[in-house]
Amino acid sequence: MKSGFGVRILKYADAMERWLAVAILAAASIGGILLLRNTAGTLITAPDAFSVSAFLSKALMIVMGVEFVRMLTLHTARAVINVLLFAIARQMIVSHGGGAETLMGVAAVAGIFAIKKYLFLRDSHWNTDSLSLEEEPGHGD
């Protein structure tokens, strides 16, 4: 049995986590709108100034924010793996490192896909394609 103080701390931590997720989601939404607006403006006024690398960097950062929100709300290992996957993919696309760095990034992505394929269960608990919070154990308690 948990102490009353411990239960209050856990409830506070859960509430803070949810508020942080809401703040990150709001920032990602605003960032997405601004990215589209600025990209459209750049393409209309000065198409030569448009940088695909800068666009992808910003877009993948927004995607990472959304995946981070999923990780905070779902509390699954699969959500953590997805955040890692996007972070590695973003770093590979943005950094344009040398051959060794690219090879390590590809190996890391391959390792993550191997983990997803061979180490996760196939029941509905791990199926994030159709996962809702009602299906997730630990939510709605």
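Cut-offs applied
Residues numbered from 1 in each chain as written. Predicted model: local features only at pLDDT ≥ 70, side-chain atom pairs only at ≥ 80, totals over all residues. Heavy atoms only, no water. Helix = DSSP H or I, 4+ residues; strand = E, 2+ residues; numbered from the N terminus. Buried < 20%, exposed > 50% of the residue type's maximum accessible area, 1.4 Å probe, protein only. Contact = heavy atoms within 4.5 Å. Salt bridge = Lys/Arg side-chain N within 4 Å of Asp/Glu carboxyl O. Core = buried A, V, L, I, M, F, W, Y, C linked by side-chain atoms within 4.5 Å. Phe/Tyr/Trp six-rings, centres within 6.5 Å; stacked < 30°, edge-to-face > 60°. Axes fitted to C-alpha atoms, helices over the stretch in contact; angles between N-to-C directions. Parallel < 35°, antiparallel > 145°, perpendicular 65-115°, else oblique. pLDDT = per-residue confidence, 0-100. Patch = residues over 30% accessible without salt bridge, like charges linked within 9 Å, V, L, I, M, F, W, Y side chains within 5 Å. Areas by Shrake-Rupley, 256 points an atom, 1.4 Å probe, with all protein chains shown as cover. Expected span 1.5 Å × (residues − 1).

### Brief notes about the overall build of the chain
Argument step 1. A count of helices and strands for the chain gives 4 helices and 0 strands.
Argument step 2. Ordered by position from N to C terminus, the α and β elements of the chain give α-α-α-α.
Argument step 3. Expressed as a percentage of its 141 residues, the buried residues of the chain come to 23%.
Argument step 4. Sequence separation of at least 24 residues holds for 62% of the intrachain contacts in the chain that already meet a minimum separation of 6.

### Brief notes about the pattern of salt bridges
Argument step 1. Tallied over the entire structure, the rule returns 1 salt bridge.
Argument step 2. Note that Asp 14 is salt-bridged to Arg 18, the shortest N-O span being 3.3 Å. Taken together, the residues Asp 14 and Arg 18, both in helix 1 (residues 4-45) and 4 residues apart, mark about one turn of the helix.
Argument step 3. Using a relative accessible area of 36% as the deciding quantity, one classes Arg 18 as partly exposed.

### A word on the nonpolar core
One recurring pattern in soluble globular proteins: nonpolar side chains tend to sit buried together.
Argument step 1. In this structure, Ile 81, Leu 85, Val 109, Ile 112 and Phe 120 together form the largest nonpolar core, which totals 5 residues.
Argument step 2. Contributions of two or more residues to this core are made by helix 3 (77-95) and helix 4 (99-118).

### Observations concerning the packing of aromatic side chains
Argument step 1. The final tally for this structure, using the stated rule, is 1 aromatic pair.
Argument step 2. With centroids separated by 6.0 Å and ring planes inclined at 50°, the aromatic side chains of Phe 50 and Phe 55 adopt a geometry described as tilted.

### With respect to the packing of helix 2 (residues 52-74) against helix 3
Each pair of packed helices can be described by the angle between their axes along with the distance between the axes.
Argument step 1. Orientation of helix 2 relative to helix 3, taken along the N-to-C sense of each, is 170°, at an axis distance of 9 Å. When the interaxial angle is binned, helix 2 and helix 3 end up roughly antiparallel. On helix 3, the residues touching Ser 53, Leu 56, Ser 57, Leu 60, Met 61, Val 63, Met 64, Glu 67, Phe 68, Arg 70 and Met 71 of helix 2 are Ala 79, Val 80, Asn 82, Val 83, Phe 86, Ala 87, Arg 90, Ile 93 and Val 94.

### Here we look at unusual backbone geometry
Argument step 1. Its identity is not glycine, yet His 75 carries a phi of approximately 60°, on the positive side.
Argument step 2. Positionally, His 75 belongs in the loop between helix 2 and helix 3.
Argument step 3. A relative accessible area of 46% places His 75 in the partly exposed class.

### Some thoughts on the confidence of the model for the chain
Argument step 1. Within the chain, residue pLDDT values average 83, and 84% of them lie at 70 or more.
Argument step 2. Least confident of the elements in the chain is helix 3, whose mean pLDDT is 85; most confident is helix 1, at 94.
Argument step 3. Counted against residues more than four places away or in other chains, residues 123-141, with its pLDDT under 50, gives 24 contacts.

### Some remarks on a nonpolar patch on the surface
Argument step 1. Together, Val 52, Leu 56 and Ile 93 line one region of the surface with nonpolar side chains, adding up to about 220 Å² of accessible area.
Argument step 2. Within the element layout of this structure, Leu 56 appears in helix 2.

### A word on helix 1
Argument step 1. Here helix 1 is 42 residues long and its end C-alpha atoms lie 61 Å apart, about the 62 Å a rise of 1.5 Å per residue gives.
Argument step 2. What helix 1 keeps buried is the set Ala 21, Ala 28, Gly 32, Leu 35 and Thr 39.
Argument step 3. Contact partners of the buried residues in helix 1: helix 2.

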